[in-house]
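Observations on chain architecture
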Amino acid sequence: MNDVQTRPLLSVDLEHWCDEHNVPGYRAGQIRRWVYERRANSFAEMNDLPQALRTQLEAEFTLFTSTIVRHQVSTDRTEKLLLKLEDGETVECVLMRETGRRTVCISTQVGCGMGCIFCASGLMGVKRNLTTAEILEQVLRLDRVMKDNERIANIVVMGMGEPLANLQALMPALRTLTMLVTEPGGGMGLSPRRITVSTVGLPDRMRELADSDFGCNLAVSLHAPNDELRSRIVPVNKGTGIAAILGAADDYFQKTGRRVSYEYVLLAGINDEPEHARELAKLLRGHQAHVNVIPMNAVSPLDLSGSSQERTNSFVHELQACGINVTVRKRKGADIDAACGQLRLSESEHVMLDAAPT
Ligand code: SAH
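Below, the structure is looked at part by part. (Residues numbered from 1 in each chain as written. Predicted model: local features only at pLDDT ≥ 70, side-chain atom pairs only at ≥ 80, totals over all residues. Heavy atoms only, no water.)

The next subject is the overall build of the protein. Counting its secondary structure elements, the protein contains 11 helices and 14 strands. At 21 Å, the protein has a C-alpha radius of gyration in line with the 21 Å of a compact globule built from 358 residues. On the principal axes, the C-alpha backbone points of the protein span a range of 70 × 60 × 40 Å. Taking all 358 residues of the protein together, 53% fall into the buried category. In the protein, the share of contacts with a sequence separation of at least 24, taken over all contacts with a separation of at least 6, comes to 67%. Of the roughly 16,000 Å² of accessible surface on the protein, 49% is carried by carbon and sulfur atoms. Averaging the locations of the 40 positively and 45 negatively charged side chains of the protein gives two centres separated by 5 Å. (Helix = DSSP H or I, 4+ residues; strand = E, 2+ residues; numbered from the N terminus. Rg over C-alpha atoms; globule rule 2.2 N^0.38 Å. Buried < 20%, exposed > 50% of the residue type's maximum accessible area, 1.4 Å probe, protein only. Contact = heavy atoms within 4.5 Å. Areas by Shrake-Rupley, 256 points an atom, 1.4 Å probe, with all protein chains shown as cover. Lys, Arg positive; Asp, Glu negative; His and termini not counted. Charge placed at Lys NZ, Arg CZ, Asp CG, Glu CD.)

This is the structure we're talking about:
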């Protein structure tokens, strides 16, 4: 059980702590190796640390503050964890496997405040931002789910929440993941090029990310080729507008050299007409852009469905005919509710059912 007095280890400056406690500085590096490289699940395992130090760490810190309340494994070996945080809130994170490549998808908020009409995370609004430690913990939990010979290759910040609405906690987490384990404040030594942050499109925050010089990939959830339709699908668009988002995305490319990709979830009868594809191509012409067409994952309480295979193919062909780079995202973990927010949603449905008077 977590002691209320303990602090999350992942939020601690270990060099500083060692210094304050008369512990030799190299111990900080040893602890980091256990956390980020050697996949320790307890302080007791850290057997190159003196017993007294392990006891001291145990008394003062919690290695992981969450508990795994659900762990699902899909037939395609996608794995999804529902983590319960210290305050009882839950978040999801996902491990996706492709030949020779492991990608983890992490959340940045409990719920989401953006309200996109097809998304499970937005259904209950945003509860709170995750802390840096809670963001890091998702990566480490998934790292421990993998086999000994598997390593994380990519991180996508595409789980629950709007990452750019929580940059203050996200950036320190991403920096840690890119720093070497030997560096104070490190890390997993992942290249920023292996990290993709997906945003609903908040222009000011996109500029802030560009100015941070971090150099990760940026994905923008566009979902419509004009403001009228986009504002229906992505309500926050009313306050921003596509032109401002494209402007900020172009600046992002200029500053970082990283191409921006545009996500487009195909919703049957809403944004999947060939005419929409042509309009999208026209909109993106002259911009450094790559379109990622995403089949919609069904979300049970929503009266929306994804486009048919045929419809998807013709949308993609139309874009290609107009000279746009396009890929269709493979569906992963469809049998385990892998669309972001779905597991948390179904968990709360269980809770609601359990609580309902019979
Ligand atoms: N808030 C951020 C990141 C989280 S959502 C954003 O909007 O980009 C990550 C991606 O998953 C977004 O492109 C989002 O539109 C998409 N998504 C959400 N619900 C989905 C669903 N039911 N089916 C398919 N994609 C979905």
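Here the focus is the site of the ligand. The full set close to the ligand counts 20 residues, and E162, S198, S221, H223 and N297 are the nearest of them. Within the side chain of S221, an N or O atom sits 2.6 Å from an oxygen atom of the ligand. When the ligand is considered free in solution it has 530 Å² of accessible area, and contact with the protein chains removes 94% of it. Among the elements of the structure, strand 10 (195–199), strand 12 (260–266) and strand 13 (289–295) are those that each provide at least two residues to the shell around the ligand. Partitioned by chemical class, the residues of the shell around the ligand number 11 nonpolar, seven polar and two charged. (Near = heavy atom within 4 Å. Polar contact = N/O pair within 3.5 Å; in protein donor to acceptor, adjacent residues only side chain to side chain. Nonpolar A, V, L, I, M, F, W, Y, C, P; charged D, E, K, R; others polar.)

Let us now look at the packing of helix 2 (residues 26–36) against helix 4 (residues 132–145). The contact between helix 2 and helix 4 brings their axes to 10 Å, and the two run at 65 degrees. For the pair formed by helix 2 and helix 4, the contact residues are W34, V35 and Y36 on the first element and L136, L140, D143 and R144 on the second. When the residues that make up the contact of helix 2 with helix 4 are grouped by side-chain class, the tally is five nonpolar, no polar and two charged. (Axes fitted to C-alpha atoms, helices over the stretch in contact; angles between N-to-C directions.)

Here we take up the pairing of strand 10. Of all five residues in strand 10, five are buried; the element is thus mostly enclosed. Neither face of strand 10 is open: one carries I195, V197 and T199, the other T196 and S198, and all of them are buried. Of the strand pairs in this sheet, strand 9 (residues 154–157) and strand 10 are connected by three bridges, and their pairing is parallel. Each bridged residue has a counterpart across the sheet, and for V157 the counterpart in strand 10 is V197. A crossover connection joins strand 9 to the parallel strand 10 through helix 5 (residues 167–178); in handedness this β-α-β unit is right-handed. In this structure, strand 10 lies alongside strand 11 (residues 217–221), joined through four bridges in parallel fashion. Its bridge partner lying in strand 11, T196 is registered against N217. (Pairing = 2+ DSSP bridges. Right-handed = clockwise from strand over helix to strand, strands pointing away.)

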